[in-house]
Protein chains: 4
Amino acid sequence: MKILVSNDDGYQSPGLIALAGALGQLGEVLVVAPERDRSGASNSLTLEFPLRAKRMANGYIRVDGTPTDCVHLALTGLAESDPDIVVSGINHGPNLGDDVIYSGTVAAATEGRFLGLPSMAVSIAAHEPRHLDTAARVAVELVSRLRESPLESSIILNVNVPDLPYAELAGFKATRLGHRHKAEPVIASQDPRGRAIYWVGPAGPEQDAGPDTDFHAIRNGYVSITPLQVDLTRHSALESLGCWLTSCN
Amino acid sequence: MKILVSNDDGYQSPGLIALAGALGQLGEVLVVAPERDRSGASNSLTLEFPLRAKRMANGYIRVDGTPTDCVHLALTGLAESDPDIVVSGINHGPNLGDDVIYSGTVAAATEGRFLGLPSMAVSIAAHEPRHLDTAARVAVELVSRLRESPLESSIILNVNVPDLPYAELAGFKATRLGHRHKAEPVIASQDPRGRAIYWVGPAGPEQDAGPDTDFHAIRNGYVSITPLQVDLTRHSALESLGCWLTSCN
Amino acid sequence: MKILVSNDDGYQSPGLIALAGALGQLGEVLVVAPERDRSGASNSLTLEFPLRAKRMANGYIRVDGTPTDCVHLALTGLAESDPDIVVSGINHGPNLGDDVIYSGTVAAATEGRFLGLPSMAVSIAAHEPRHLDTAARVAVELVSRLRESPLESSIILNVNVPDLPYAELAGFKATRLGHRHKAEPVIASQDPRGRAIYWVGPAGPEQDAGPDTDFHAIRNGYVSITPLQVDLTRHSALESLGCWLTSCN
Amino acid sequence: MKILVSNDDGYQSPGLIALAGALGQLGEVLVVAPERDRSGASNSLTLEFPLRAKRMANGYIRVDGTPTDCVHLALTGLAESDPDIVVSGINHGPNLGDDVIYSGTVAAATEGRFLGLPSMAVSIAAHEPRHLDTAARVAVELVSRLRESPLESSIILNVNVPDLPYAELAGFKATRLGHRHKAEPVIASQDPRGRAIYWVGPAGPEQDAGPDTDFHAIRNGYVSITPLQVDLTRHSALESLGCWLTSCN
């Protein structure tokens, strides 16, 4: 089994190292990851500039681009043959609810959507995690099970793991993404030269965090596994939109 | 009516200027757009650095960030009151099928999802367009109609307009996103100092471009309007994923 | 006479526009300037990435690089024939004393050192200048006189102009660069997520600002003109260094 | 003795590691270096954005800025007390002649000009060096001698070392900077989307490479040591410029 590993925290992140190390027991692992922290990169792809790839002493390949660039490069040129799956992470900090659209970790997984197996994004629910081994073990178990019993292709599994010892996990839960209120106000400030600057504020509070959501699962000690789709079409709205356009309503 | 306009080609793009000018007939327009071309930025959000906003002579506000940053800043601080709608574009070049996940134009619209009316991303299907006025008129018509007869909230309409005189448009069509094959291989090259560089290759050929897709609509002279969702959960897979996790199958 | 004009504040800077406009009366002007503000860029040169040049509606060419990149590109490829001189500016804000080594305005002039005439960097001593026409007129006078009576080649003239009506200038003065004390301490702060950030602090107070310095000239209403050299060798120290190396002292 | 070490190749460069390791035998070493390769950065200083500093496992502090930013931050805030000297390098590749004005390695040393001892920039004359230990030993010898017998303050020593075993060095030579012809033409090319791009071309051929130059020393197996000055004033031209301004000639 061939596994491509990437992330958005950069090739030196402890989360990446833990993930790549653990997945090594399942097959051949190729790491292609950003040179530096690219959190918040979403699916951004570098079209205006060429990219550079450098093989490091530990065999990792670092790329001076986004998470999407890394996986794109690996799958369309750097890897000698197609891997079976892309696993991205372990992100330091959760990727839950609406925040998922900004996530470089999820974007790296998304870019693996043409492969044979579902892609997977793995995050641990703490910015300074103490139990990366728990998340790494969860990733190994899920990849292992996918190999034996694949899910429908081009699914992306968004996996969030509580920062707990493995034995204290409450279990695994299939969840939907929760939703947040509008983000907190921008933080207006000044630079030391007196000119206005703005910092993007924190995400909004949880608005929809019911029992079937990822928010709820994590809060209760469960590993949250949300199936994501690449197809952004809101199919349920197609008919009403058609009517609207022809003024049938 | 208050309209927030942004884009990903930068605040000097003729497409933006055409759009903002035309929407002025419907209400008050506020333009907040990137300082420079940020095509391919997807939903990336700048968390590590502060942003700067500058009001230009023509009243536009330019921001040294991504399209998402622009709309985020406008909605959480720069605008005095909430606009009714975000309209993004007119992008020079189409945003169709799978490419939508990389689009900064669509991302700017997405960031308006908490507003009262559906957001809209408008693209013209030519990189050096001759009929921006056609796309601008289409945008005015759609916003005007949304005002009278709103669609369900938090929908994003992804509008692609053929580069044709308005009179030659075949009509308006509600479409779903088509799909492409895997992208073309990365283009490996060398810089003048002999070091390896890689350019992201072109998007793959169309794989799924049936009569109900955006690809098909544009190819046949229709304005393509695709309803997009922000919720990435693949709801249809939730049950089977639940089973899979508990090994029921 | 052919004049290449650049700056470090970006191609839209009022100072650049005033300078290019005024120099038009002396000959053919080509403007090649950075896409955005690159103050503080010093002589940095972009070696890792390719550059893009775009001709704007007003004939200016903007480049997505540093001031040095702009002049380098113009002189080694973009300009059809070699200009006679490079004039850089008008910088909004002075470039005096030690600060000159950080200046992109001065760096743009430096990059013109292989041309027939001395290069010139022009700055106005106010960050929000009211008398750009004064500085533009000074530039025209100096270039005009250089054409009639050239100075030694590969000199760079660092010109600073008080922000005053032309009639109120006290005169022109040949000056040396003054010196500052060590810079003020770095300004330590936190981003909204509680992580440490550091802003470069203000330049240090003037330490050596005697009557023959640029600091002194500007403070007394004179146009300060400092001849700069490209050769960084401290020739006066060569002999003692030679001794030191052979332990003769 | 306290020694501040920086470079422009980034905190992971073998040249930096060799230098910091070797200097450890002379005193306390603090490494503050750029997060990534910043070759060609010259004296550029980051004024628009805040900087972040991170202490790595090996005690090095990496900064997401330029070489000048690194030394500036160290001297105005990060270091608990002032070091006695800044040593920058070991740069992979020579810094000779006119190229010195573009060099981030030399710029890092320049930023140490307010300290007690002369600053030093150390480069090895090969892009993929085999004898970093030679250059590191040269650095140790020079710093050690400076401690015993200081040169005039605010001198910067620009040291270039042949890529040879130490025993094969021809000796140490005090040199002046040589000069080059104008740079080679820009390399015009196209990106894969057919748009024009330009690469900065190679430095020009040596024009002035006589026996007293750094070019000549390196070519003949000598360690080249050039004293550099921070003061860019061309003092020898002050009188004639004064005349020229008052039309006395």
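Residues numbered from 1 in each chain as written. Chains lettered and ligands numbered in written order. Predicted model: local features only at pLDDT ≥ 70, side-chain atom pairs only at ≥ 80, totals over all residues. Heavy atoms only, no water.

Draft legend 1. Local environment of the interface of chain D and chain B. Chain D puts 13 residues into the contact, and the matching count from chain B is 13 residues. In this assembly, chain D packs against chain B so that about 1,100 Å² is buried in total across both faces, 60% of it on carbon and sulfur atoms. Interface area lost by chain D to chain B is led by D:Phe49, D:Pro192 and D:Trp199, which between them contribute 40%. Counting the contacts that link chain D with chain B gives 2 salt bridges. Here B:Glu48 ties to D:Arg52 by a salt bridge, and the two come within 3.3 Å at their closest N and O atoms. (Contact = heavy atoms within 4.5 Å. Buried area = accessible area lost by both parts, 1.4 Å probe. Salt bridge = Lys/Arg side-chain N within 4 Å of Asp/Glu carboxyl O.)

Draft legend 2. Structural detail: the UniProt feature "domain: Survival protein SurE-like phosphatase/nucleotidase" (unreviewed entry) in chain A. The positions UniProt marks with the feature "domain: Survival protein SurE-like phosphatase/nucleotidase" (unreviewed entry) are residues 3–183 of chain A. Here residues 3–183 of chain A runs as 25% helix and 24% strand, with 36 Å between its end C-alpha atoms. (UniProt positions renumbered as here; feature names shortened; annotations may be inferred. Helix = DSSP H or I, 4+ residues; strand = E, 2+ residues; numbered from the N terminus.)

Draft legend 3. Spatial organisation of the relation of the copies chain D and chain B. Least-squares fitting of chain D to chain B yields an RMSD of 0.0 Å, with the transformation described by 0.0 Å of translation along the axis and a rotation of 180 degrees. Seen this way, the second copy is the image of the first under a two-fold rotation axis. Closest to the rotation axis within chain D is the C-alpha of D:Phe49, separated from it by 3.4 Å. (Least-squares fit on C-alpha atoms with pLDDT ≥ 70 in both.)

Draft legend 4. Representation of the sheet that holds strand 8 (residues 171–174) of chain D. All names here are of chain D. Taken in spatial order, the 9 strands make up an open sheet running 3-4-2-1-5-6-7-13-8, and their pairing is mixed. Looking at strand neighbours, the two that pair on one side only are strand 3 (53–55) and strand 8, the edges of this open sheet. Within the sheet, the average angular offset between the axes of one strand and its neighbour, ignoring direction, is 20 degrees. (Pairing = 2+ DSSP bridges. Axes fitted to C-alpha atoms, helices over the stretch in contact; angles between N-to-C directions.)

Draft legend 5. How the structure looks around helix 2 (residues 67–78) of chain A. The end-to-end C-alpha separation of helix 2 of chain A is 14 Å, well short of the 16 Å expected for 12 residues at 1.5 Å each. For helix 2 of chain A, the secondary structure elements touched by its buried residues are strand 1 (2–6), strand 2 (28–34), strand 4 (61–63), strand 5 (85–92) and helix 3 (104–110) of chain A together with strand 11 (196–199) of chain B. (Expected span 1.5 Å × (residues − 1).)

Draft legend 6. The relation of the copies chain C and chain D, seen in detail. Between chain C and chain D, which share one sequence, the superposing operator has a rotation angle of 180 degrees and an axial displacement of 0.0 Å; the RMSD is 0.0 Å. Here 100% of the interface residues in chain C have copies in chain D that are interface residues too; the copies meet face to matching face.

Draft legend 7. The UniProt feature "binding site: a divalent metal cation" (unreviewed entry) in chain A, seen in detail. Residues and elements named next belong to chain A. Here the UniProt feature "binding site: a divalent metal cation" (unreviewed entry) sits at Asp8, Asp9, Ser39 and Asn91. A maximum C-alpha distance of 9.1 Å among these annotated residues, which run over 84 residues, shows that they cluster at one spot. Inspection of the secondary structure assignment puts Ser39 in the loop between strand 2 and strand 3 (53–55). By relative accessible area, Ser39 is classed as partly exposed at 29%. Residue contacts for Ser39: discarding those within four places in its chain leaves Asp8 and Asp9. Looking at the secondary structure, you find Asn91 in strand 5. For Asn91, a relative accessible area of 7% gives the class buried. Sequence-distant contacts of Asn91, defined by excluding residues within four places in its chain, comprise Asp8, Asp9, Thr105, Val122, Ser123 and Ile124. Only 2.8 Å separates the side chain of Asn91 from the backbone oxygen of Gly93, close enough to count as a polar contact. (Buried < 20%, exposed > 50% of the residue type's maximum accessible area, 1.4 Å probe, protein only. Polar contact = N/O pair within 3.5 Å; in protein donor to acceptor, adjacent residues only side chain to side chain.)

Draft legend 8. Looking closely at the interface of chain C and chain D. With 84 residues of chain C at the contact, the number on the chain D side is 84 residues. Together, the buried faces of chain C and chain D total about 7,200 Å²; carbon and sulfur atoms form 63% of this surface. Taken as a group, C:Leu232, C:Arg234 and C:Trp244 account for 12% of the area that chain C buries against chain D, more than any other trio of residues on that side. Those elements giving two or more residues to the side of chain C that touches chain D turn out to be helix 2 (67–78), helix 4 (132–148), strand 8 (171–174), strand 9 (179–180), strand 11 (196–199), strand 13 (222–228) and helix 6 (238–245) of chain C. The element that contributes the greatest number of residues to the side of chain C that touches chain D is helix 2 of chain C, accounting for 8 residues. Its residues placed into classes, the side of chain C that touches chain D shows 40 nonpolar, 25 polar and 19 charged. (Nonpolar A, V, L, I, M, F, W, Y, C, P; charged D, E, K, R; others polar.)

Draft legend 9. Spotlight on unusual backbone geometry. A:Ile90 follows A:Gly89 through a cis peptide bond whose omega is -15 degrees. Within the secondary structure, A:Ile90 is located in strand 5. Phi at D:Ser42 is positive, roughly 50 degrees, even though this residue is not glycine. Secondary-structure assignment places D:Ser42 in the loop between strand 2 (28–34) and strand 3. The backbone of D:Ser154 shows a phi angle near 60 degrees, a positive value even though the residue is not glycine. If you trace the backbone, D:Ser154 turns up in the loop between helix 4 (132–148) and strand 7 (156–161). A residue is classified by how much of its surface remains accessible, and D:Ser154, at 26% relative accessible area, is partly exposed.

Draft legend 10. Spatial organisation of the packing of aromatic side chains. Applying the stated rule across the entire model yields 2 aromatic pairs over all chains. The interplanar angle of 70 degrees and the centroid separation of 5.5 Å between the aromatic rings of A:Phe49 and C:Phe49 together place this pair among those described as edge-to-face. Of this pair, A:Phe49 sits in the loop between strand 2 and strand 3 while C:Phe49 sits in the loop between strand 2 (28–34) and strand 3 (53–55), each in a different chain. Judged by relative accessible area, A:Phe49 falls into the partly exposed class, the value being 27%. We note A:Arg137 situated over the ring of A:Tyr166; from NZ or CZ to the ring centre the distance is 3.6 Å. In this structure, B:Arg145 packs its charged tip against the face of A:Trp244, placed 5.4 Å from the ring centre. (Phe/Tyr/Trp six-rings, centres within 6.5 Å; stacked < 30°, edge-to-face > 60°. Lys NZ or Arg CZ within 6 Å of the ring centre and 35° of its normal.)

Draft legend 11. Up close: the sheet that holds strand 8 (residues 171–174) of chain B. Residues and elements named next belong to chain B. Spatial strand order, 3-4-2-1-5-6-7-13-8: 9 strands in an open sheet with mixed pairing. Only two strands of the sheet have a single partner each, and these edge strands are strand 3 (53–55) and strand 8. Along the sheet, successive strands turn relative to each other by an average axial angle of 20 degrees, direction set aside. Summarising the sheet, strand 7 (residues 156–161) and strand 13 (residues 222–228) pair through 5 bridges and their orientation is antiparallel. In the sheet register, Ile156 faces strand 13, and the bridge partner there is Leu228.

Draft legend 12. Representation of the environment of D:Gly221. Residues and elements named next belong to chain D. Secondary-structure assignment places Gly221 in the loop between helix 5 (214–219) and strand 13 (222–228). Using a relative accessible area of 12% as the deciding quantity, one classes Gly221 as buried. Sequence separation between Gly221 and Ser149 is 72 residues, and the spatial gap between their C-alpha atoms is 26 Å. Dropping the residues within four chain positions of it, Gly221 is found in contact with Pro162, Leu164, Leu169, Ala170 and Gly171.

Draft legend 13. Structural detail: the pattern of salt bridges. Inspection of the entire model under this criterion finds 52 salt bridges over all chains. Across the pair A:Arg234 and B:Glu152 runs a salt bridge whose closest N-O atoms are separated by 2.9 Å. Taken together, the residues span two chains, with A:Arg234 in the loop between strand 13 (222–228) and helix 6 (238–245) and B:Glu152 in the loop between helix 4 (132–148) and strand 7. A salt bridge links D:Arg176 to D:Asp208; the shortest N-O distance between them is 2.8 Å. Taken together, the positions of D:Arg176 in the loop between strand 8 and strand 9 (179–180) and D:Asp208 in strand 12 (residues 206–208) put the pair 32 residues apart, joining distant regions of the chain. When its relative accessible area of 16% is taken as the criterion, D:Arg176 is described as buried. Salt bridges sharing common partners tie together A:Glu48, C:Arg52, D:Asp191 and D:Arg195.

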